Amino acid sequence: MTSPRTPRSDEPPAPAALRKSLGLVDGFVIAASSTAATTSIGIGLGVTAGAVGLHLPIIMLLAFLPILGIASAYSRLNRVEPNMGSGYVWVGRSLSPWLGFLVGWIGIVSTIVFLAYTTTVTGSALLQLAGEGGLHDVAGLHLDPDSTAQSTALGIVVLVAVTFTAITGIRSAANLQKYLLVFEYVVLLGFCGYGLFAGPHPFSLDWINPFTIPSGQQLAQGLLLSVFCFWGFESSFSVTEEIRDPQDASRAGTITLFTMLGLFLLGSFAFQRVLSLDELTGHGAQGLTYFGDRLAGQPLAALPLIALTFSAVASLQSGVIPTVRGMFAMGRDRTLGPLWTRISPRYGTPAAGTVVVGCVAAAIAVLSLVIPRVGDLILASVNAIGVVVAIYYALTALAAAARFRGALRESWSLALRAVLLPVASAAVLLGLGGYLCWTFYTSADHFEISPDNGWFMLFCPAVMLLSGVGAAAWAKWARKSPYFVTGRSVPPDPLAEPAPGPA
């Protein structure tokens, strides 16, 4: 039995609890919006095809397998210790506080970079939509959807709007995303389903044969890009303290993952039936627009572009939400400052942190103007995020294996699910990330800010990781966070201890 603890006078007040207002559907909507199937299909398929050619279906399926192992690790950990900090909490408890902090930091930084480039993608989609509506010039300025400057400026306006909706209430944000998702999926299923049967290019068994991919480097890059497409399913775990039944967070994440697999396979086959390889790789952020134009005339051809716009807007909003929740958990442990634990008395959300995240994402979006073309910006961002996401997924899976290692003494089936599958999934992701970093390093002999320069592609994830080490050192020795002493996070209820895992 745990007795109430009287805080010392030098301790900060316990952070207020967030409101439990969400259900299973809300968790799914947040995770599905964060994964952003329409954006991944409309933009990610073209980027991935640039690495592996016409092998999109098998690459998506192969990437799903380790992600399924990661998802099982998340679900098992959430079952014994539901916490909005998710990997940050679990890795710190089971492996090392330093690694736990790094997982939390990577999640924050990678999502903020994602928000920055999605801001530009959203602006680009709106400019494409304006062009489809006949608006090509404004006050003498020619509207160019492939201009990073124009797309970023317009996208920042949208980012401000979605940040405001994330402040006013997570329930209202989830409701908005629900309607956007319904429209997106109806359009995706309609156009991809039609393209699957009406496309001019015949089916080929080569599409599902990974052994005909030209090189190991292309296979590794394609798999890592595909892993990035599934990234976001874990957003449901970031709101586990706001879901009435925490186990609904696990169910929502699993449902999201299988939904994404179905949509990605449908989109992969449909795009390859309708578009040639040159068409797939040559249209960058405008790939879904071109796909729609090949299948229908106006105004129907504009529907995929509208769906892409809705997806980008929803993923901006859903990207803000889990990032701030992760920082709330870290602020609760004093590994980050008290700003992140301030709850708005009016809305019951971490409003101050939400505003700061939106501002930082907008600032990074402006800094990205050094890459003038939207397509190049997407490629650079996706590769960098893919490497660090592979690391934090792998560490979370290893934390699950360490925590449930007692299953090795119980039964083969339990040992397989609780220990061996997470370890195998982590090994695959770490191997992919390491191999890709090595190819980046050996592919260049000078540094240049370009997605074609290997040293630049290696520099971006390296900055994310090294900044995390510096922030961890500050949290340990300047903030003197007890997290680095005990390796344990403050539970959601300050008087409660997390449920212990199996031996």
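This text gives an overview of the structure that appears in the document. Residue numbers here run from 1 along each chain, matching the order of that chain's written sequence. Owing to the predicted nature of the model, reporting of local features is limited to residues with pLDDT of at least 70; listing and counting of side-chain atom pairs is limited to 80 or more, with chain, interface and lining totals taken over all residues. Note: side-chain values were computed over all heavy atoms of the structure, leaving out hydrogens and water.

### Overview of the nonpolar core
Phase 1 of the analysis: Within the largest apolar cluster, 136 residues are counted, with the highest numbers of intra-cluster contacts made by F101, Y117, F230, F233, F291, I385 and Y393.
Phase 2 of the analysis: Each helix corresponds to a stretch of at least 4 residues labelled H or I by DSSP, and each strand to a stretch of at least 2 residues labelled E; elements are numbered beginning at the N terminus. Ranked by residue count, the leading element in this core is helix α15 (residues 374-403), at 18 residues.
Phase 3 of the analysis: Whether two residues are in contact is decided by their heavy atoms: any pair within 4.5 Å suffices. The contacts of F291, once residues within four sequence positions are left out, are F191, C192, A270, F271, V274 and L275. In these notes, a set of buried Ala, Val, Leu, Ile, Met, Phe, Trp, Tyr and Cys residues joined through side-chain atoms within 4.5 Å is what counts as a nonpolar core. Working definition: with a 1.4 Å probe on protein chains only, accessible area under 20% of the residue-type maximum means buried, over 50% means exposed, and in between means partly exposed.

### Let's talk about unusual backbone geometry
Phase 1 of the analysis: For R334, which is not glycine, the phi torsion reads 65° and is therefore positive.
Phase 2 of the analysis: Positionally, R334 belongs in the loop between α13 (303-332) and α14 (351-367).
Phase 3 of the analysis: For K480, which is not glycine, the phi torsion reads 55° and is therefore positive.
Phase 4 of the analysis: A relative accessible area of 59% places K480 in the exposed class.

### Concerning the packing of aromatic side chains
Phase 1 of the analysis: Note on ring pairs: Phe, Tyr and Trp rings are taken, using the six-membered ring of Trp, and paired if centres are within 6.5 Å. Classes follow the plane angle, with under 30 degrees stacked, over 60 edge-to-face and the rest tilted. What the rule picks out here adds up to 27 aromatic pairs.
Phase 2 of the analysis: Ring plane angle 40° and centroid distance 5.3 Å describe the contact between Y74 and F237, whose orientation is recorded as tilted. Taken together, the residues Y74 in helix α3 (residues 56-80) and F237 in helix α9 (residues 235-238) connect sequence positions 163 residues apart.
Phase 3 of the analysis: Grouping aromatic residues by their ring pairs yields a cluster made of Y88, W98, F101, W105, W477, Y483 and F484.

### Regarding the pattern of salt bridges
Charged atoms that come close allow side chains of opposite charge to pair.
Phase 1 of the analysis: By salt bridge we mean one thing: a side-chain nitrogen of Lys or Arg within 4 Å of a carboxyl oxygen of Asp or Glu. Applying the stated criterion across every chain yields a total of five salt bridges.
Phase 2 of the analysis: Between E81 and R403 there is a salt bridge, and its shortest N-O distance comes to 2.7 Å. Note that E81 is positioned in the loop between α3 and α4 (87-94) and R403 in helix α15, a separation of 322 residues in sequence. Across this residue pair, the class does not change: E81 and R403 are buried.
Phase 3 of the analysis: Ionic contacts of the salt-bridge type, sharing partners, join the residues E81, R93 and R403 into one network.

What is shown is where atoms sit, not what they do.
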